[in-house]
Amino acid sequence: MFTVTKKATTPFEGQKPGTSGLRKKVTVFQQPNYLHNFVQSTFNALPAEEVRGATIVVSGDGRYFSKDAVQIITKMAAANGVRRVWVGQNSLMSTPAVSAVIRERIGEDGSKASGAFILTASHNPGGPTEDFGIKYNMGNGGPAPESVTDKIFSNTTTISEYLISEDLPDVDISAVGVSSFSGPEGPFDVEVFDSSVDYIKLMKSIFDFEAIKKLLTSPKFTFCYDALHGVAGAYAKQIFVEELGADESSLLNCVPKEDFGGGHPDPNLTYAKELVERMGLGKSSSNIEPPEFGAAADGDADRNMILGKRFFVTPSDSVAIIAANAVQSIPYFASGLKGVARSMPTSAALDVVAKNLNLKFFEVPTGWKFFGNLMDAGMCSVCGEESFGTGSDHIREKDGIWAVLAWLSILAFKNKDNLGGGDKLVSVEDIVRQHWATYGRHYYTRYDYENVDAGAAKELMANLVSMQSSLSDVNKLIKEIRSDVSEVVAADEFEYKDPVDGSVSKHQGIRYLFGDGSRLVFRLSGTGSVGATIRVYIEQYEKDSSKTGRDSQDALAPLVDVALKLSKMQEYTGRSAPTVIT
């Protein structure tokens with residue numbers, strides 16, 4: 001019989017959830033009561049029926065401090081009247097799988113989850129001195145909306161006590177099974193389960209696994225998947241090897257580790273070094289022929305990077321290509337797409353596809369919850385962000401493995417008659433270049449300046465806003481920097497009115513729009529744990545198919561020059577170069 005204890009506490013400063021929850025250094029979360037305060041503030045922000053007598057999921061990407069956090073949250077859930085907690089074995093569950101479990105899983109007693117605490121800092125590094133994070137997802141499987149996160153934050157500023165059942169024993173989360181306890185309000189269960197079962201079942205309902213298997217087992221096709229020692233490794237072997245027949249040697253870094261093997265689990269050209277080398281895109285030359293297809297995941301497996309042989313697919317192009325090919329290549333979309341959406345900083349490649357295919361199109365702020373609203377209203381089927389996030393309305397999170405399966409489906413469809421005999425395979429590069437020939441190319445790059453002084457970052461952004469009051473002065477400056485760049489015809493700070501619930505999101509990024517369709521976008525990111533991250537998005541549209549084959553950095557060089565000098569990046573930040581270029 002466990003008991004409930006009320007523990008006195010005092011608020012911590014700075015527990016405001018960002019676009020994907022609360023992210024801080026592990027040492028911050030390890031302070032007495034720090035995690036407890038945020039969890040209790042979340043319980044207090046939720047409707048009573050979603051807590052008392054409810055079922056909640058508690059799992060994450062397995063990063064350092066996750067196992068401790070699972071036990072703390074479980075004991076607090078019991079004390080707050082939760083009826084049962086579902087935990088992925090070893091507390092491992094990808095963010096998309098959590099969304100799928102909330103939406104799809106039915107317990108043996110008929111129970112369904114009302115929400116989830118997801119323990120992840122996504123693509124940020126892990127380990128005793130690195131990052132930890134926590135966010136709450138709602139009954140639709142998507143991240144808590146701003147109305148809830150604002151309430152959580154408000155609660156963190158006034159909290160004076162939290163509830164916990166300290167005498168509830170720790171649950172063995174390494175073994176599948178149900179642990180049952182009794183408390184002052186009746187029974188309380190903790191079920192540890194294999195988190196891949198529901199997710200794989202969902203993937204099989206979306207994709208033609210037999211068609212993908214024919215591709216992956218063809219001697220003409222080679223494949224490589226890098227989980228970067230994140231939670232995707234818990235799914236990779238079962239999906240790609242056991243279900244789809246890929247060779248186990250195709251898997252790289254697929255053992256989940258608390259510190260992601262000392263690496264940075266961000267699937268981009270900078271951090272996925274081993275995959276980049278294997279795909280023939282590294283600096284060192286190799287005589288080994290690269291695989292036809294490569295992909296990487298981030299820490300919690302909601303992001304993806306797609307690579308062809310010696311060829312990088314930008315995430316902006318990736319979502320546009322998936323949307324353009326979805327109906328013919330993926331059974332789930334056979335009856336058509338309801339609409340498509342992208343985040344504002346993502347290139348306009350998807351816009352052109354939507355216009356050509358006569359699809360509903362939406363441009364939303366960064367943050368998956370905005371896509372979720374559209375999906376819940378039946379207005380959006382496929383969506384994506386330039387930050388390596390792609391997904392569909394099968395769940396309410398971006399989904400890295402789904403994106404890989406979508407690309408494999410497109411490759412399988414394009415090569416259905418090429419897998420035997422001497423016919424040349426249609427490659428990833430072929431698909432992308434054909435897309436550019438059809439729709440035009442959006443040359444695109446992103447410069448990240450990480451951990452810059454927060455005050456300097458705000459001053460830089462404020463200056464960019466104030467400059468927008470006189471576009472003639474802006475254009476005069478631009479001509480002094482580069483005479484070969486088009487004029488700015490519009491500039492604003494992006495604001496979004498949600499067509500579903502009418503909510504308005506302001507200050508979502510600063511835009512400079514040029515007469516030739518080029519764009520410069522400046523944003524402060526909410527996904528870091530220290531300082532500020534300034535992101536600069538640089539885009540140029542080229543319709544002439546004879547000019548779509550240029551090197552991206554060469555094509556964008558004039559606009560990059562304008563972006564850095566117009567923003568006075570070096571003067572404000574002291575940085576002569578970005579931390580990461582994608």
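In this text, all values refer to a predicted model and were calculated from it rather than measured experimentally. Each chain carries its own residue numbering, running from 1 in the direction its sequence is written. The model is predicted, so local features are restricted to residues of pLDDT at least 70 and side-chain atom pairs to those at 80 or more, both for listing and for counting; the totals for chains, interfaces and linings are taken over all residues. To obtain the side-chain values, all non-hydrogen atoms of the structure were included, while hydrogens and water were left out.

Another point: the overall build of the protein. Labels follow the DSSP assignment, with helices taken as runs of H or I lasting at least four residues and strands as runs of E lasting at least two, numbered in each case from the N terminus. Scanning the protein from terminus to terminus reveals 18 helices and 26 strands. The atom set for the radius of gyration is the C-alpha atoms, and the globule formula is 2.2 Å times the number of residues raised to the power 0.38. Its C-alpha atoms give the protein a radius of gyration of 24 Å, within 12% of the compact-globule value 25 Å for 582 residues. Across its three principal axes, the protein shows a C-alpha extent of roughly 75 × 65 × 45 Å. Across the 582 residues in the protein, those meeting the buried criterion constitute 59%. Contact criterion: two residues are considered in contact whenever any of their non-hydrogen atoms come within 4.5 Å of each other. For the protein, contacts bridging at least 24 residues in sequence account for 73% of all contacts bridging at least 6. Note that accessible areas follow from Shrake-Rupley with a 1.4 Å probe, and for residues the cover is restricted to the protein chains shown. Summed over all atoms, the accessible surface of the protein reaches about 21900 Å², with 48% contributed by carbon and sulfur. His is not counted, nor are the chain ends; Lys and Arg add positive charge and Asp and Glu add negative charge. We put the charge of a Lys on NZ, of an Arg on CZ, of an Asp on CG and of a Glu on CD. In the protein, 59 side chains carry a positive charge and 73 a negative one; their mean positions are 3 Å apart. A 1.4 Å probe rolled over the protein chains alone gives each residue an accessible area, and that area as a share of the maximum for its type sets the label: buried under 20%, exposed over 50%, partly exposed in between.

So, about the layout of surface pockets. In this analysis the probe radius is 1.4 Å and the grid spacing 1 Å, with only protein atoms considered; a cavity is a set of points the probe fits into but cannot get out of, a pocket is an open set with protein on both sides within 12 Å along at least five of seven lines, and lining residues have an atom within 4 Å of a point. Grid points are joined across faces, edges and corners, and a volume is the space filled by probe spheres set on the points. Its volume calculated, the second largest pocket comes out at about 720 Å³. Counting residues per element, the lining of the second largest pocket draws most heavily on strand β19 (residues 441–452), at 5 residues. Throughout this entry, Asp, Glu, Lys and Arg are counted as charged residues, while Ala, Val, Leu, Ile, Met, Phe, Trp, Tyr, Cys and Pro are counted as nonpolar. The remaining residues, Gly among them, count as polar. Across the lining of the second largest pocket, the residue classes break down as 11 nonpolar, 9 polar and 8 charged.

A separate point is the environment of Gly531. Within the secondary structure, Gly531 is located in the loop between β24 (519–525) and β25 (532–542). For Gly531, a relative accessible area of 56% gives the class exposed. When the C-alpha positions of Gly531 and Ala454 are compared, they lie 5.4 Å apart, and in sequence the two are 77 residues distant.

What follows covers helix α12 (residues 368–376). Counting buried residues along α12, 7 of its 9 residues qualify, which places the element largely inside the surrounding structure. When we look at burial in α12, the residues that qualify are Trp368, Lys369, Phe370, Phe371, Gly372, Leu374 and Met375. Directly after α12, the chain includes Gly378, whose backbone phi takes a positive value near 70°.

To continue, consider the UniProt feature "domain: Alpha-D-phosphohexomutase alpha/beta/alpha" (unreviewed entry) in the protein. UniProt positions are given in the numbering used here, feature names are shortened, and annotations may be inferred rather than shown by experiment. Per the UniProt record, "domain: Alpha-D-phosphohexomutase alpha/beta/alpha" (unreviewed entry) is annotated on residues 15–162, 198–307 and 316–419. Measuring from the first to the last C-alpha atom of residues 316–419 gives 29 Å, for a span that is 45% helix and 15% strand.

Before going further, it helps to spend a moment on the side chain of Ser552. Within the secondary structure, Ser552 is located in helix α17 (residues 552–566). What makes Ser552 buried here is its relative accessible area of 18%. The residues contacting Ser552, other than those within four sequence positions of it, are Arg441, Tyr443 and Tyr444.

On to the pairing of strand β12 (residues 293–297). Among the 5 residues of β12, 5 are classified as buried, and the element is accordingly described as predominantly covered. Side chains Phe293, Ala295 and Ala297 of β12 all project onto a buried face; the interleaved residues Gly294 and Ala296 project onto the opposite face, where all are buried too. Inspection of the sheet shows strand β10 (residues 223–226) paired to β12 by 4 bridges, in the parallel sense. Within the sheet, the bridge partner assigned to Tyr225 lies in β12 and is Ala295. Any two strands between which DSSP finds at least two bridges are classified as paired. A loop of 6 residues connects β12 with strand β13 (residues 304–308), the two strands running antiparallel in sequence, and Ala301 in this loop sits at a positive phi of about 65°.

This part is about the pattern of salt bridges. The term salt bridge refers to a pairing of a side-chain nitrogen on Lys or Arg with a carboxyl oxygen on Asp or Glu at a separation within 4 Å. Taken as a whole and judged by the stated rule, the model has 37 salt bridges. The shortest N-O distance in the salt bridge between Glu130 and Lys25 comes to 3.5 Å. Of this pair, Glu130 sits in the loop between β5 (115–119) and β6 (131–137) while Lys25 sits in strand β2 (residues 22–25), and the two are 105 residues apart along the sequence. Taking the shortest distance from any N to any O, the salt bridge between Arg52 and Glu185 comes out at 2.3 Å. Of the two residues, Arg52 is situated in the loop between α2 (34–45) and β3 (55–60) and Glu185 in the loop between β8 (177–183) and β9 (186–193); the sequence distance between them amounts to 133 residues. Relative accessible area serves as the criterion here: at 60%, Glu185 is assigned to the exposed category. Taken together, the shared-partner salt bridges in this structure form one network comprising Arg342, Asp351, Glu363, Asp492, Arg511, Arg519 and Glu539.

The next thing to look at is the environment of Thr222. Within the secondary structure, Thr222 sits in the loop between α7 (209–216) and β10. The class of Thr222 is partly exposed, set by a relative accessible area of 38%. Along the primary structure Thr222 and Val51 are separated by 171 residues, whereas in three dimensions their C-alpha atoms are 48 Å apart. Residues in contact with Thr222, not counting those within four places in the same chain, are Pro290, Pro291, Glu292 and Phe293. In protein, a polar contact requires one atom able to donate a hydrogen and another able to accept it; more generally it is a pair of N or O atoms within 3.5 Å, and residues adjacent in sequence count only if both atoms are side-chain atoms. Of the polar contacts made by the side chain of Thr222, one reaches the backbone nitrogen of Glu292; its length is 2.9 Å.

Now for the nonpolar core. Put simply, a nonpolar core is a bunch of buried Ala, Val, Leu, Ile, Met, Phe, Trp, Tyr and Cys residues held in one set by side-chain atoms that sit within 4.5 Å of each other. Core analysis: the largest hydrophobic core is formed by 81 residues, its most contacted members being Tyr225, Phe240, Phe293, Leu405 and Leu408. In terms of residue count, the dominant contributor to this core is helix α13 (residues 400–414) (11 residues). Residues in contact with Leu405, not counting those within four places in the same chain, are Met203, Phe207, Phe209, Ile212, Ile239, Phe240 and Leu244. Val58, Ile164, Phe181 and Val190 belong to the second largest nonpolar core, which has 43 residues in total.

Okay, the side chain of Gln540 next. Along the polypeptide, Gln540 turns up in strand β25. In contact with Gln540, not counting residues within four places along its chain, are Arg441, His442, Tyr443, Ser518, Ala555, Leu556 and Leu559.

Attention now goes to helix α6 (residues 196–206). Along α6, the residues classified as buried are Ser196, Asp198, Tyr199, Ile200, Leu202, Met203 and Ile206. Summarising the contacts, the buried residues of α6 are in contact with α4 (95–104), β9, α7, α8 (233–243) and α13.

Before going further, it helps to spend a moment on the sheet that holds strand β16 (residues 361–364). Across the sheet, which stays open at both edges, the 4 strands sit in the order β16-β15-β17-β18 with mixed pairing between neighbours. Each edge of the sheet is formed by a strand with only one pairing partner; in this case those strands are β16 and β18 (389–392). Across this sheet, the average inter-strand angle for adjacent strands is 15°, counted without regard to direction. Two elements, strand β15 (residues 340–343) and β16, share 4 bridges in a ladder whose sense is parallel. Counted as the bridge partner of Ala341 is Phe362 from β16. Note on geometry: axes are C-alpha line fits, over the in-contact stretch for helices, and angles between N-to-C directions span 0 to 180 degrees.

We now examine empty space enclosed by the protein. In total, this model carries 5 cavities of 30 Å³ or more according to the counting rule given. Within this model, the second largest cavity holds a volume of roughly 100 Å³. In this structure, the second largest cavity is lined by 13 residues; those nearest its centre are Gly21, Lys135, Tyr136, Ala144 and Thr149. Listed by contribution, the elements that provide at least two residues to the lining of the second largest cavity are β6 and α5 (146–156). Residues that form the lining of the second largest cavity fall into these classes: 6 nonpolar, 5 polar and 2 charged.

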